[in-house]
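# Structural description and commentary
This is what each chain is made of:
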Amino acid sequence: MKKILTLIVLIASAMSMQAQKFALLDMDYILKNIPAYERANEQLSQVSKKWQAEVEALQTEAQTMYKDYQKEVVFLSQEQKKARQDAIMEKEREASELKKKYFGPEGELFKKRTALMTPIQEEIYNAVSEIADLRGYQLILDRASDSGIIFGSPKVDISSEVLSRLGYSN
C-alpha cells in the first residue's frame, strides 16, 4: 500500500512538473570548491579545539579535587567535608556553564559559525537566484541533501555554473 501511494505521488508530481523548469545543484561540491568555506571550517575547528581544551581542563580539575577528597575524607571534619564538596560541585558547575557558553544552542561556536558561514551562504543563494531568474527555473533542488533524488541528469546540474558565477573555476 505504501509503495502504491508513493508511486501515485511521484506520478502526480511528475505530471505537474512537466510544464515547469527545474535544475539540480550539489551544495557539497560547491562548498568544497570555495576556499573561504574551507578557511571558515578550519577557523571553527581551531576555536572549537581551544574551547574544548578549556572545558576539559575544568572537568579534569574537578575530577582531581574529587579524587583528593575521597583519599582524605576520613580525616576531614564535617565542615571541611562540606567545604570540599561545595568546591567540587562549584568546579563542576563552572565546567558545565563554560561548555554551555561555548557549545550550547546559542553558544559562542554557533555565533561564530553563523558569522563565518552566513556571508558564504548568501553569496551562493544570490548566484543560484540569478541563474534561476535568467533561465526561468521554478525549482532548484540540492542533490547533496535530498536523498529522494535517485538520478539527476548532468544536463540539469547547475553546480559548475554557480561556481563560475561566484568567480571560482572548477
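In this report, the structure presented in the accompanying data block is examined. (Residues numbered from 1 in each chain as written. Predicted model: local features only at pLDDT ≥ 70, side-chain atom pairs only at ≥ 80, totals over all residues. Heavy atoms only, no water.)

Scanning the chain from N- to C-terminus turns up six helices and two strands. From first element to last, N terminus to C terminus, the chain shows the α and β order α-β-α-α-α-α-β-α. A burial count over the chain gives 22% of its 170 residues as buried. Contacts in the chain between residues far apart in sequence, at least 24 positions, make up 76% of those at least 6 positions apart. Summed over its atoms, the accessible surface of the chain is roughly 12100 Å², and 56% of this surface lies on carbon and sulfur atoms. (Helix = DSSP H or I, 4+ residues; strand = E, 2+ residues; numbered from the N terminus. Buried < 20%, exposed > 50% of the residue type's maximum accessible area, 1.4 Å probe, protein only. Contact = heavy atoms within 4.5 Å. Areas by Shrake-Rupley, 256 points an atom, 1.4 Å probe, with all protein chains shown as cover.)

This part takes up the environment of E97. As for its placement among the helices and strands, E97 is situated in helix α4 (residues 78-103). Sequence separation between E97 and V55 is 42 residues; the distance between their C-alpha atoms is 9.1 Å.

What helix α6 (residues 159-166) keeps buried is the set S159, V162, L163 and L166. Projected onto a plane normal to the axis of α6, the buried residues spread over an arc of 100 degrees and lie on a single side. Structurally, α6 contributes buried residues whose contacts are with β1 (22-25), α2 (27-32) and α5 (108-135). Where α6 terminates, the next one or two residues include G167, which has phi positive at roughly 95 degrees. (Arc of directions from axis to C-beta.)

Our focus in this paragraph is the nonpolar core. Core analysis: the largest hydrophobic core is formed by 27 residues, its most contacted members being I30, I124, I158 and V162. Residue assignment for this core shows that the elements contributing at least two residues are β1, α2, α3 (35-72), α4, α5 and α6. Tallying contributions element by element places α5 first for this core, with eight residues. The contacts of I158, once residues within four sequence positions are left out, are A23, L24, L25, I131, R135, Y137 and I140. (Core = buried A, V, L, I, M, F, W, Y, C linked by side-chain atoms within 4.5 Å.)

Another aspect to go through is the packing of aromatic side chains. Throughout the structure, instances matching the rule amount to two aromatic pairs. Centroid distance W51 to Y102: 4.5 Å. Interplanar angle 5 degrees. Geometry classified as stacked. A residue pair is termed long-range when its members are at least 10 positions apart, and W51 in helix α3 and Y102 in helix α4 qualify at 51 residues. Judged by relative accessible area, which is 10%, W51 ranks as buried. Overall, Y102 belongs to the buried group, its relative accessible area being 8%. (Phe/Tyr/Trp six-rings, centres within 6.5 Å; stacked < 30°, edge-to-face > 60°.)

So, on to the packing of α5 against α6. Two elements in contact, α5 and α6, have axes separated by 9 Å at closest approach and are oriented at 115 degrees. Our classification of the angle between α5 and α6 gives roughly perpendicular. In this structure, α5 crosses over α6, and the sense of that crossing is right-handed. In this structure, α5 contributes E123, I124, A127, V128, E130, I131, L134 and R135 to the contact, and α6 contributes E161, V162, R165 and L166. (Axes fitted to C-alpha atoms, helices over the stretch in contact; angles between N-to-C directions. Parallel < 35°, antiparallel > 145°, perpendicular 65-115°, else oblique. Left-handed = near helix turned anticlockwise from the far one by under 90°.)

A separate point is the side chain of S159. Tracing the backbone shows S159 in helix α6. By relative accessible area, which is 3% here, S159 ends up buried. Looking at S159, its side chain comes within polar contact range of the main-chain nitrogen of D26, at 2.6 Å. Sequence-distant contacts of S159, that is, excluding residues within four places in its chain, are made with L24, L25, D26, Y29 and I30. (Polar contact = N/O pair within 3.5 Å; in protein donor to acceptor, adjacent residues only side chain to side chain.)

All right, on to the pattern of salt bridges then. Tallied over the full model, the rule gives nine salt bridges. The partner of R93 in a salt bridge is E97, and the shortest N-O contact between them spans 2.4 Å. Of the two residues, R93 and E97 are both situated in helix α4; the distance of four residues between them amounts to about one turn of the helix. By relative accessible area, E97 is classed as partly exposed at 46%. Between K111 and E108 there is a salt bridge; the shortest N-O distance is 4.0 Å. (Salt bridge = Lys/Arg side-chain N within 4 Å of Asp/Glu carboxyl O.)

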